[in-house]
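# Structural overview for review
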Amino acid sequence: MKTEFSLAQLADPDIAEADKILRACVHCGFCTATCPTYVLLGDELDSPRGRIYLIREMLEKDRPPTEEVVKHIDRCLSCLACMTTCPSGVNYMHLVDQARVRIERDYTRPLAERALRAVLALVLPRPGLFRAGMVLARLGRPLAALLPASKTSSATPTLLRRIKAMLAALLPESKGPSKGGSVSPTLSRRLKAMLTLAPGRLPTKGPAAGSVFPAIGEKRGRVALLQGCAQQVLAPRINQAAINLLTRHGIEVVLVKDEQCCGALTHHLGRDGDALARARANVTAWLGEAKRDGLDAILVTTSGCGTVIKDYGYMLREDRDFASAAATVSGLAKDITEYIGGIDLKPVRPQPSDLVIAYHSACSLQHGQKITQAPKELLSKSGFVVKDVPESHLCCGSAGTYNILQPDIANKLRDRKVANIAMVKPDMIAAGNIGCMVQIAGGTSVPVVHTIELLDWATGGPRPGLN
Ligand code: SF4
Ligand code: SF4
């Protein structure tokens, strides 16, 4: 693709990087076929190629994003299916990340939208606040029935006005001219999505940061396990299964004390100041641990987090104090299945040859990290009948905060995913990302479990899906 950045613009390393990415695109359009939003909406501007044109226009003209740009970038799931499909190696991830930062910096969203994003950025990365938020959401779940499910349904105006007023009170003053119209779904539908996603009950807390779990028997390795933020509140059983399996196979596990949220959630909201601060804090914490007692790897059980941690080296490339350390951390980061693939697993129970597992390949794992076979091979070797899900390249609609911010598209994608899963008639659904697990569980009664829970079960742990 031809670009026309000035020399002054190209002096900015971000623009130089965007220029390189844009020039790689030959606008062949192959990526449109696998883009979930294009498949659903059929609008070129909701395809990767269309978004690439919009981003080029915005960056070249160096002007604030228009409503049209914001609408179509906001609708992008960052699922990265386009990167898997693209024959020219266009790094759409780094391009859209940059566009989101530009939007966050230069576009003034409507008041309620800013409030909602501020609340999400504040609450989601902090397990204590998130837990409190989940308790409130659980109490508020009956209200979900009062809120409209579609654009045409009527809301409860008095309630909505009150909620909007409450949120407005949380907001800082606007920095620029406010846009008149909203380019996104209404607040009522987003509130409904949030309330619907809240679990019926919260499990008890998992082990505290700083805990060390010694290897059982001969010690063969030592790893840090990312504690996560939403996952440790919603499903601490996942990391518990990872700890059980690893220690059982001679691997010592540490939950590093000063670790924070990986920054993925705020990164995808375009709040790079927050995301980069978290990345720096984690780099310091993990490399400090590695220096003290050694680390073979930093393991991640939530693939959305893993994709971002593996990108720390790129995200901090311009930071002289952190670039090299961040690249080291990215090299140490591994999805749990990647690491376990190098261990000789010891299944202990009778092989459940009749238990059919539908394997949902999370976008962040298959497109973001290019890990497609390892989880399925591990499950098969452990005795499960593993079935691929039709249209497995299409996102389930979770995508971080997407199912809250874009509930209409997210629900359509979830329903499509659940229908595809039902075609393989599974006894259980396995996935490697808590966001996908919550999203898919919202549309099916088939138990949704983490891949590591099944592997733990196969090697002596409890049967998953029963709590
Ligand atoms: S497939 Fe790649 S090169 Fe072709 S239009 Fe899409 S991003 Fe551009
Ligand atoms: S990241 Fe996903 S939703 Fe966004 S343009 Fe690429 S394929 Fe489409």
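Our subject is the structure listed above.
Report follows, based on the coordinates. (Residues numbered from 1 in each chain as written. Chains lettered and ligands numbered in written order. Predicted model: local features only at pLDDT ≥ 70, side-chain atom pairs only at ≥ 80, totals over all residues. Heavy atoms only, no water.)

### Points about the site of ligand 1
In the region of ligand 1, 13 residues are neighbours, and Cys 25, Cys 28, Gly 29, Cys 31 and Cys 86 sit closest. Per-class residue counts for the shell around ligand 1 are nine nonpolar, three polar and one charged. (Near = heavy atom within 4 Å. Nonpolar A, V, L, I, M, F, W, Y, C, P; charged D, E, K, R; others polar.)

### A closer look at the site of ligand 2
Among the 13 residues in the neighbourhood of ligand 2, the closest are listed as Cys 35, Arg 51, Cys 76, Cys 79 and Cys 82. Of all elements in the fold, only α3 (36–41), α4 (48–61) and α6 (81–85) reach the threshold of two or more residues within the shell around ligand 2. In the shell around ligand 2, the residues fall into ten nonpolar, two polar and one charged. (Helix = DSSP H or I, 4+ residues; strand = E, 2+ residues; numbered from the N terminus.)

### Remarks on the sheet that holds strand β5 (residues 333–335)
The sheet built from five strands is open, its strands ordered β1-β3-β2-β4-β5 with mixed pairing. The open sheet terminates on both sides in strands that have one partner only, identified here as β1 (212–213) and β5. Pairing of strand β2 (residues 221–225) with strand β3 (residues 251–254) involves four bridges; the strand directions are parallel. When the bridges of β3 are listed, Ala 224 appears paired with Val 254. Relative to β3, helix α13 (residues 236–248) is tilted by about 150°, and along the sheet it contacts β1, β2, β3 and β4 (297–300). (Pairing = 2+ DSSP bridges. Contact = heavy atoms within 4.5 Å. Axes fitted to C-alpha atoms, helices over the stretch in contact; angles between N-to-C directions.)

### Details of the packing of helix α15 (residues 272–293) against helix α18 (residues 323–332)
When two helices pack together, their arrangement is captured by the angle between the axes and the distance separating the axes. Between α15 and α18, the shortest axis-to-axis distance is 10 Å and the interhelical angle comes to 70°. By the criterion of interaxial angle, the relationship of α15 to α18 is roughly perpendicular. Where α15 crosses over α18, the two elements pack in a sense that is left-handed. Contacts between α15 and α18 involve Val 283, Trp 286 and Leu 287 on the former and, on the latter, Ala 325, Ala 326, Thr 328, Val 329 and Leu 332. (Parallel < 35°, antiparallel > 145°, perpendicular 65-115°, else oblique. Left-handed = near helix turned anticlockwise from the far one by under 90°.)

### Considerations on the packing of aromatic side chains
The tally for this structure, following the rule as stated, stands at two aromatic pairs. Arranged with centres 6.4 Å apart and planes meeting at 20°, the rings of Trp 286 and Tyr 312 form a pair that is stacked. Separated by 26 residues along the polypeptide, Trp 286 in helix α15 and Tyr 312 in helix α17 (residues 312–315) bring together distant segments of the chain. An identical accessibility class is assigned to Trp 286 and Tyr 312; each is buried. Summarising the aromatic geometry, the rings of Phe 384 and Trp 457 are spaced 5.7 Å apart at their centres and angled 40° between planes, so their arrangement reads as tilted. Highlighted residues: Phe 384 in the loop between α21 (374–381) and β7 (385–388) and Trp 457 in helix α25 (residues 451–458), separated in sequence by 73 residues. Relative accessible area serves as the criterion here: at 4%, Phe 384 is assigned to the buried category. Classification of Trp 457 by relative accessible area gives buried; the value is 12%. When the ring centre of Tyr 314 is taken as reference, the NZ or CZ atom of Arg 317 above it lies at 3.9 Å. (Phe/Tyr/Trp six-rings, centres within 6.5 Å; stacked < 30°, edge-to-face > 60°. Buried < 20%, exposed > 50% of the residue type's maximum accessible area, 1.4 Å probe, protein only. Lys NZ or Arg CZ within 6 Å of the ring centre and 35° of its normal.)

### Structural notes on the pattern of salt bridges
The full count for this structure, using the stated rule, is 29 salt bridges. Close ionic contact of Arg 75 with Asp 46 constitutes a salt bridge, the shortest N to O distance being 2.7 Å. In this pair, Arg 75 is assigned in the loop between α5 (67–74) and α6 and Asp 46 in the loop between α3 and α4, connecting sequence segments 29 residues apart. We note that Arg 75, like Asp 46, is buried. Here Asp 319 ties to Arg 280 by a salt bridge, and the two come within 2.6 Å at their closest N and O atoms. Of the two residues, Asp 319 is situated in the loop between α17 and α18 and Arg 280 in helix α15; the sequence distance between them amounts to 39 residues. Assessed through its relative accessible area of 26%, Arg 280 is described here as partly exposed. (Salt bridge = Lys/Arg side-chain N within 4 Å of Asp/Glu carboxyl O.)

### A word on helix α8 (residues 111–123)
Between the first and last C-alpha of α8 there are 18 Å, a value that for 13 residues agrees with the 18 Å anticipated at 1.5 Å per step. Residues of α8 that are buried: Glu 113, Arg 114, Ala 115, Leu 116, Arg 117, Leu 120, Ala 121 and Val 123. (Expected span 1.5 Å × (residues − 1).)

### Focus on the environment of Val 448
If you trace the backbone, Val 448 turns up in strand β9 (residues 448–450). Looking at Val 448, the relative accessible area reads 12%, which means it is buried. Once residues within four sequence positions are removed from consideration, Val 448 is found in contact with Arg 237, Ile 429, Met 437, Ile 440 and Ala 441.

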